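Fold and contact review
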Amino acid sequence: MSPAPPSLVELQTSLMDLLRRDASLSTDADASARAAEIATGNDRLTGVEQVDIYREQYFLRHVGALREDFESLAALLGEDGFDALARAYLSAHPPTSFTLRDLGHALPAFVAERAPWRDDALVADMARLEWAFVDAFDAADATKIELAAIASMPEDAWPLARVRLHPSVQLVEMAHVAEDYRSQARKLLAGEISELPRPEPGPRYIVVFRGSEKLKYIDVDRGAFALLAALRDGHALGDACERAAATAEMTEQTFQEALGGWFQSWTSWGWITALERAG
Amino acid sequence: MSFRKRHGIGDLGVGVGFRTKHYPHVLETKPAMDWFEVISENFLVAGGPPRANVERLKDAYPVVPHGVSLSIGGNAPLDDDYLRRLKAFVDWLDPPWVSDHLCWGGAAGLHIHELLPLPHTEAVAAHVVERVKRVQGFLERPFALENVSSYMTFRESTMQEWELLSTIAERADCGILLDCNNVYVSSRNHTIDADAYIDAVPADRVVQIHLAGHTDKGKYLLDTHSDHVCDAVWKLYERAIGRCGAVSTLVEWDDDIPEWDVLSEEAATARRLRASVLSRGASPRPVEVRP
Ligand SMILES: [Fe+2]
């Protein structure tokens, strides 16, 4: 493969820098000079204005894509507030994927770390929840197994068995009771309510998943949540139960008593796709 | 023999883009429509509703994928992950051709999701030709390049856009997706002759035509796909059909998407115009093929 023509590399490198500037190119003498070197302009637009059209489109498209994926975060922060977040995020995490679907992947971590957003835990809650919706929506398909398949496993095989969760299952720990915040945000956008009520403090353990091609979520016990997390991380069932009981500060007995009910619900929701015996 | 004949590319009629707003109506009632185009990237996902929807669509209509992320004119190596996923999708869909744009959309590891124009130079032509050959070979499927709407012109350019497009298509031996609205938008933005553009494109290589609406921003036209096809673009379409013959045509509508009936009527208008041009006996004129 022959390398790209040097003049093309130079032009594209320069434009990539100019198009990601957060302010009109005409406000910066150096940027203007560089844009004018590249674009001819015409009788209506200068070369700088021509390049600026693409720069504006870059922000419109990417801020717009983030706004679509994080609509309750946008409602929480307001028009200008979300715009400021999106621009700061784009500057720290410029798009590297061929698809806009991946654009917001680092936003949950970004708002958890960056001031001023890190100061409001609800911002991080919403970013995590809404990104879980994105991931659950188009996660791989998998066939669920029935409770009977689990019940038929001999008891001595349980501790070393591995439970495979449906790829759409996303675990979101939240500091607020805010899993319904998106529907509130949509009501606000539709003008049905005039302000967003601030959610009560949590904690809240939410599982987002796809059931019958629709996105769903449900809040679960802390113990169930901890067990799902351990199973997702690949721990065998016995080990996972021990870890989860410790995390949830449950005695082994209460944990074991709850287990049957959890598995019953999880299989009915299609969260379990395989139960693999050791060896 | 023409590119279309060599690859057995027939006429699918007039179709529309498959967009979320119309999924329920299209998938549940299967309204009359010749064919659909899907944006490839929207379906290069692991699973879930996108894949299920395109599968249902494929069961009822011819479906052709149209990409926006190839960045054929970029200086970075072609994105292997993207190409592998596209190939798997295309193999599954089994369309008569695959298309993307004559543009670039990123560099140095970034994808900026724009259809940026390229300087019209010999060096760019050579660069793109080599990449089109690789893409077409990898996908094992006829590949078509679409002309984009543009808002800037480069000091470096030494030829017209249609010369760049035609040169690349001939040398890389690929197809062309002729977007009449893009020809119009660029011709207005850069004061070039749209008729001359249509007349210069190698007719035997045109496998598909796009029609769409745009927005007048005062000092320039913006390719928004948010409106009806304008009269001037219909004229260009008639001219293109007159030259190219019965070429599969697609109406793109991506913003302010109207009700299905409005979109369907836009396709019907294209169908009527196309039929009337074709019935005038305006069979494709002999096209001079460069040696
Ligand atoms: Fe197009």
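What you see as residue numbers is a count from 1 along each chain, following the sequence as written. Naming scheme: in the order in which they are written, chains are lettered from A and ligands are numbered from 1. Only residues with pLDDT of 70 or above have their local features reported here, since the model is predicted, and side-chain atom pairs are shown and tallied only from 80 upward, although totals for entire chains, interfaces and linings are computed over all residues. Excluded from the side-chain calculation are hydrogens and water; included are all heavy atoms of the structure.

**A few points about the interface of chain B and chain A**
Across the contact, 51 residues belong to chain B and 44 residues belong to chain A. Note: buried area is the sum, over both parts, of the accessible area (probe 1.4 Å) each one loses when the two are combined. Per-residue buried area on chain B facing chain A is highest for H113(B), R155(B) and K219(B); these three make up 15% of the total on that side. In the sections that follow, a salt bridge refers to a side-chain nitrogen of Lys or Arg positioned within 4 Å of a carboxyl oxygen of Asp or Glu. Joining chain B to chain A, the criterion identifies one salt bridge. Distance and chemistry together define a polar contact, namely a pair of N or O atoms within 3.5 Å, with one atom able to donate a hydrogen and the other to accept it when in protein, and with adjacent residues in sequence counting only for side-chain atoms on both sides. For the interface between chain B and chain A, the tally reads 24 residue pairs in polar contact (both at pLDDT 80 or more). Strands are runs of DSSP state E lasting at least two residues, helices are runs of H or I lasting at least four, and both sets are numbered from the N terminus onward. Here the side of chain B that touches chain A takes five residues from helix 5 (residues 122–139) of chain B, the largest share from any one element. Under this grouping Gly is polar, as are all residues other than the nonpolar Ala, Val, Leu, Ile, Met, Phe, Trp, Tyr, Cys and Pro and the charged Asp, Glu, Lys and Arg. Taken together, the residues of the side of chain B that touches chain A sort by class into 23 nonpolar, 17 polar and 11 charged. Residue contacts are counted whenever heavy atoms from the two residues lie within 4.5 Å of one another.

**Structural notes on the sheet that holds strand 2 (residues 170–176) of chain A**
Residue and element names in this part refer to chain A. Each pair of strands is called paired provided DSSP finds at least two bridges between the two strands. Taken together, three strands build an open sheet; the order of strands is 2-3-4 and the sheet is antiparallel. Both outer strands of the open sheet, strand 2 and strand 4 (214–219), are each paired with one neighbouring strand and no more. Mean inter-strand twist for the sheet, computed between neighbouring axes without regard to direction, equals 30°. The sheet contact formed by strand 3 (residues 201–211) and strand 4 spans six bridges and is antiparallel. When the sheet's bridge partners are listed, I206 is paired in strand 4 with D219. Here an angle of 0 to 180 degrees is reported between the N-to-C directions of two axes, which are lines fitted to C-alpha atoms, with helices fitted over the stretch in contact.

**Some thoughts on the coordination of the iron ion**
Residues and elements named next belong to chain B. Surrounding the iron ion are the protein donor atoms E146 (OE), D179 (OD), H210 (ND1) and E252 (OE), which sit 2.0 to 2.4 Å from the metal. For the iron ion, the single-chain donor residues occur in sequence as E-x32-D-x30-H-x41-E. Of this pair, D179 sits in strand 6 (residues 175–179) while E252 is found in strand 10 (residues 248–252), placing the two residues 73 residues apart along the sequence. By the burial criterion, D179 is buried, and E252 matches it. The rule for donors is simple: an N, O or S atom within 2.8 Å of the metal counts, and for Na, K and Ca the reach is 3.2 Å. Water is not among the atoms, so a site may look short of donors. Accessibility here uses a 1.4 Å probe with only protein chains present; expressed as a share of the type maximum, an area under 20% marks a residue as buried, one over 50% as exposed, and anything in between as partly exposed.

Such coordinate-based values are descriptive only and should not be taken to indicate function.
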